[in-house]
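Coordinate inspection notes
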Amino acid sequence: MLGRITKALAKRFEEHRIVFWYDPAHEFREAFEGVALEGVEKTEIRNNEFELKYRILREAPKQNFLLYKDAPRPADIDNWLLDVELAHGVFKTDQVAIWLTDLGLPINFEDLLREHQEFFRSGRRMEKLRAAVRGDDTKPVLRLRMLAICAGADGGFDTVVETLLAELAGGKDDSLRLIGRVGLEGFFWDQMARIFGYRASKPGIGDFAITLFKSCYQGAVGGEPILASDALVFFRRWKNNRNAGDVFAKLSADYAEVLAIARDLAKRDFRVLIEMDYFEEVDRAIIRALVHEVSAQTVAQADVLGWIRQRRQSHWYGAYRDLYEAIAFAAEFQQAMAQVTLGMTSLAEGVQSYVKSWFRIDQLYRKFIWHMQKSGQATLMRELFEQVENHYVNSYLLRLNDAWQVHVDAAQAWAAPPIPAQRSFYREHVGEFRRRDQKICVIISDALRYEIAEELLGRVRSLDRYEAGIEPMFGSLPSYTQLGMASLLPNSDLQIADNDTATVLVDGQSSQGLENRKKILATGRTGDRTTALKAEELMGLDKEEARALIRDHDIVYVYHNLIDAIGDKRDSEERVFEAAEDTIEELIRLVKKLNGANANNLVVTADHGFIYQHRPIEESDFSSAQVEGDTILFRDRRFILGHGLKGSRGLRGFSPVQANLQGSVEMLIPKSINRLRRQGSGSRFVHGGATLQEIVVPVVKINKKRQSDTAAVEVEIIGSSNQMITSSQISVRFYQVTAVTEKTQARQLRVGIYSQSGELISDSHELAFDFRSDNAREREVPIRFLLSRQADAFNGQEVILKLEERHGETSHFQEYRTARYTLRRSFSSDFDF
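Below: a short report on this structure. (Residues numbered from 1 in each chain as written. Predicted model: local features only at pLDDT ≥ 70, side-chain atom pairs only at ≥ 80, totals over all residues. Heavy atoms only, no water.)

**A few points about the overall build of the chain**
On a plain count of helices and strands, the chain comes out with 30 helices and 29 strands. Whereas a compact globule of 833 residues would reach a radius of gyration of roughly 28 Å, the chain reaches 40 Å, over 25% beyond that. When each of the 833 residues of the chain is scored for burial, the buried share is 54%. Long-range pairs, those at least 24 residues apart, make up 72% of the contacts in the chain between residues at least 6 apart in sequence. In the structure as shown, the chain presents an accessible area of about 37,400 Å², 46% of it carried by carbon and sulfur atoms. Counting 110 positive and 120 negative side-chain charges, the chain places the averaged centre of each group 2 Å from the other. (Helix = DSSP H or I, 4+ residues; strand = E, 2+ residues; numbered from the N terminus. Rg over C-alpha atoms; globule rule 2.2 N^0.38 Å. Buried < 20%, exposed > 50% of the residue type's maximum accessible area, 1.4 Å probe, protein only. Contact = heavy atoms within 4.5 Å. Areas by Shrake-Rupley, 256 points an atom, 1.4 Å probe, with all protein chains shown as cover. Lys, Arg positive; Asp, Glu negative; His and termini not counted. Charge placed at Lys NZ, Arg CZ, Asp CG, Glu CD.)

**Quick word on the sheet that holds strand β9 (residues 509-510)**
If you walk across this open sheet you meet the 3 strands as β7-β8-β9, and the pairing is antiparallel. With one partner strand each, in any of the chains shown, β7 (494-496) and β9 form the two edges of the open sheet. Note that β7 and strand β8 (residues 504-506) share 3 bridges and pair antiparallel. Of the residues in β8, the one forming a bridge with I496 is V504. (Pairing = 2+ DSSP bridges.)

**Some points on the environment of I56**
Mapping I56 onto the fold places it in helix α3 (residues 49-59). On a C-alpha basis, the gap between I56 and V603 in space is 99 Å, while along the polypeptide they are 547 residues apart. Those residues within four positions of I56 in sequence are excluded, and the remaining contacts are R17, I18, P61, F65, L67 and V84.

**What to know about the nonpolar core**
If you look at the biggest cluster of nonpolar residues, it comprises 212 residues, and the most contacted ones within it are F188, W238, F368 and Y557. Top element by residues in this core is helix α20 (residues 347-375). It accounts for 14 residues. Those residues within four positions of Y557 in sequence are excluded, and the remaining contacts are F425, Y426, V430, V442, I444, L488, L489, L521, T531, A532 and L533. Among the nonpolar cores identified, the runner-up in size contains 28 residues, and L749, F769, L787 and L801 belong to it. (Core = buried A, V, L, I, M, F, W, Y, C linked by side-chain atoms within 4.5 Å.)

**A few points about the sheet that holds strand β10 (residues 530-534)**
Pairing in this open sheet of 6 strands is mixed, and the strands run β6-β19-β12-β5-β11-β10 from one edge to the other. Here the strands that pair on one side only, and so sit at the sheet edges, are β6 (466-474) and β10. With strand direction ignored, the average angle separating the axes of adjacent strands in the sheet is 20°. Two strands pair when backbone bridges link them, and strand β5 (residues 440-445) and strand β12 (residues 601-605) are joined in this way by 4 bridges, in the parallel orientation. Bridge pairing in β12 places I443 opposite V604. Of the strands in this sheet, β5, β6, β11 (555-560), β12 and β19 (696-704) touch helix α29 (residues 576-596), which is tilted by about 165° from β5. (Axes fitted to C-alpha atoms, helices over the stretch in contact; angles between N-to-C directions.)

**Overview of the packing of helix α17 (residues 280-296) against helix α21 (residues 382-410)**
At a closest axis distance of 8 Å, the pairing of α17 and α21 adopts a crossing angle of 25°. Here α21 runs roughly parallel to α17, going by the angle between their axes. Remark: the crossing between α17 and α21 carries left-handed chirality. Residues V291, H292, V294 and S295 of α17 lie in contact with α21, whose contacting residues are E383, L384 and Q387. Partitioned by chemical class, the residues of the contact of α17 with α21 number 3 nonpolar, 3 polar and 1 charged. (Parallel < 35°, antiparallel > 145°, perpendicular 65-115°, else oblique. Left-handed = near helix turned anticlockwise from the far one by under 90°. Nonpolar A, V, L, I, M, F, W, Y, C, P; charged D, E, K, R; others polar.)

**Description of the pairing of strand β26 (residues 765-769)**
Burial analysis of β26 places 4 of its 5 residues in the buried class, the great majority of the element. Taken together, the 5 bridges between strand β25 (residues 747-754) and β26 define a ladder with antiparallel strand orientation. Bridging across to β26, R747 finds its partner in F769.

**Points about the environment of G513**
Looking at the element boundaries, G513 is found in the loop between β9 and α25 (514-521). With relative accessibility at 31%, the residue G513 sits in the partly exposed group. Separated by 180 residues in sequence, G513 and F333 have C-alpha atoms that sit 39 Å apart.

Pasting the structure below:
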């Protein structure tokens, strides 16, 4: 107490030479006697007024005096020192006066402090208020600061409401009770009425929250909002605040049932809901509608992709991402199927058409199935799955390979010039680098189908400083692992062993297993230092070991096996598309690992592809052909090995010469996509046959540049010069200048309207500019901004539309682009502060 009184008196003496101190309750005698102020003479008023007057005005006209009277202040008519008192100051020693002095507030705030004395009795609250108070604060502003302190909020009134909503979601009301205890409850509800238009006979934060959700929902579906427009601005900001996400979701779930949202949504067209994400049930309603519409093919692909793009801004998009992605891929699949022509005049033309466009249908089917599986919503997606599956198998996979089979049947030899044969890989692709005396690393991923490699290509190209290309090889027949792997090694004599193992011999050497492949690899070009290892072994090397591997070898083969390992087992074959996703990620890591070890030339290839149908195989998909021959050495779902084999209506036979192999082992291949019955093996994932999906083998060549070659797309604000804002909302269009490619990447921006001092005066939006369309119109994004009541304070002034970009993974944003507008609204502000 003494310290605070001393400090308060010191401030008085900064303004006055003489300070009077009256003590009507006789409480501060001890404090007066204990006060010690340098340069101040302490004197008591005890019927010695004339003596004091002479002393302070005549004898010591420059001395500071503290005049203490242990009694009430006398009436003016009885006050012989009134003229001196009026010319100087009176130090009040009641608690409110001390608080006023402590906060540096003028005397006209005395009534406010007396009204809310409970607030000021807390030293912690006083400390926070002292740090926040400003010299030009009005009484409403001071009360707002007090509200924020009671709620533990760190901003304006909006943050107070956010805090109270958070407590509501957690089943607490500590802050609201404190607001009532310190006498601020009436002020709080007055602000709720003035800012948000919330009025109730018995106002409560729970009632406000329900009203807020109801009002915003009604406005979104075309009804009349209950609350003021500022409530919607607040609602959007709160909903989009990452820190408030769990609170918003909890209250939204609670009130969806109270407001019977599901029943209301059932009678609405999903198109009305696309921009709204106030309840999780909205996403469910949209997804159900899209599944039905896309299944029935009653909506255009461009519209579906546009709607799903808008839903990316939904609060619940993360929870339903896989469903939205599956629907999008299904729509793209349907569009691709509507445009595809499956004719060809030769094997070579078939391969060229496949790598140009047909592969995309396999890719879209795979992505659809994968996201459908990942969503865990098979029942919800059944209608769309049945449509896509039937279309894929019957209208594409079967039709394509029936047309292809015509040319397979007519071929005298298994070759499709100018498409290089798979067994020429070492000579053509590895030799290309060794002839220039360049080191080469080859990653062989078992069953890396062409369409999966094409997706890998895009991922590699999107990496900074990486460039890559893809080309096809004509895979060896039968398209099974042992032959495919052997075909990638140096070879002059390639033959299938004349026994029941299906082992492949390269120049008389078995190619089965890593050690045998190492030996064969060493027989390539004289003087080349070669080695081979498994992907797991490579990833287990530390940095120095990996660099030594590249330094000490000219040719390194890395064997990766995930797709075939998962797909080739009956119990796990349905997870083959999950394995494909994981394979792409693992191959990216292998590429980076090798590049980090100073390997500049990389090739990713495969032994064979595969065909896969997600629905269990029907009886009609099995070949009814009888396998006949002198000797059956080996039997699989998609090929037969033996001697004296006889072709039939359902089986195409090849001699080793016709198959571009040596030795004496013949083969039979089921036509088109038919399988042979084989006990105990899976039938959905198969390879070994002659379909395009099995025998078009990818070669992805990768190298790394010295300079950066990626950049984000540019975004412009359309029609932003000399603009005027004359109402409470404004629509602005944003334009993505170029399409997203591997090297021109997407950009995420936050946009809002700000005062020149940096105060946000509208709702804000997070926008993803990731359009791949070459059509400029399809790269425009229209956004409607709602101005808050704070905007009125800047009427007649210039305001700024800001596009901001997040700095890395931090919470900080940096300015990307701006446009200036003049705010000239045709009504006056009703603010009182």
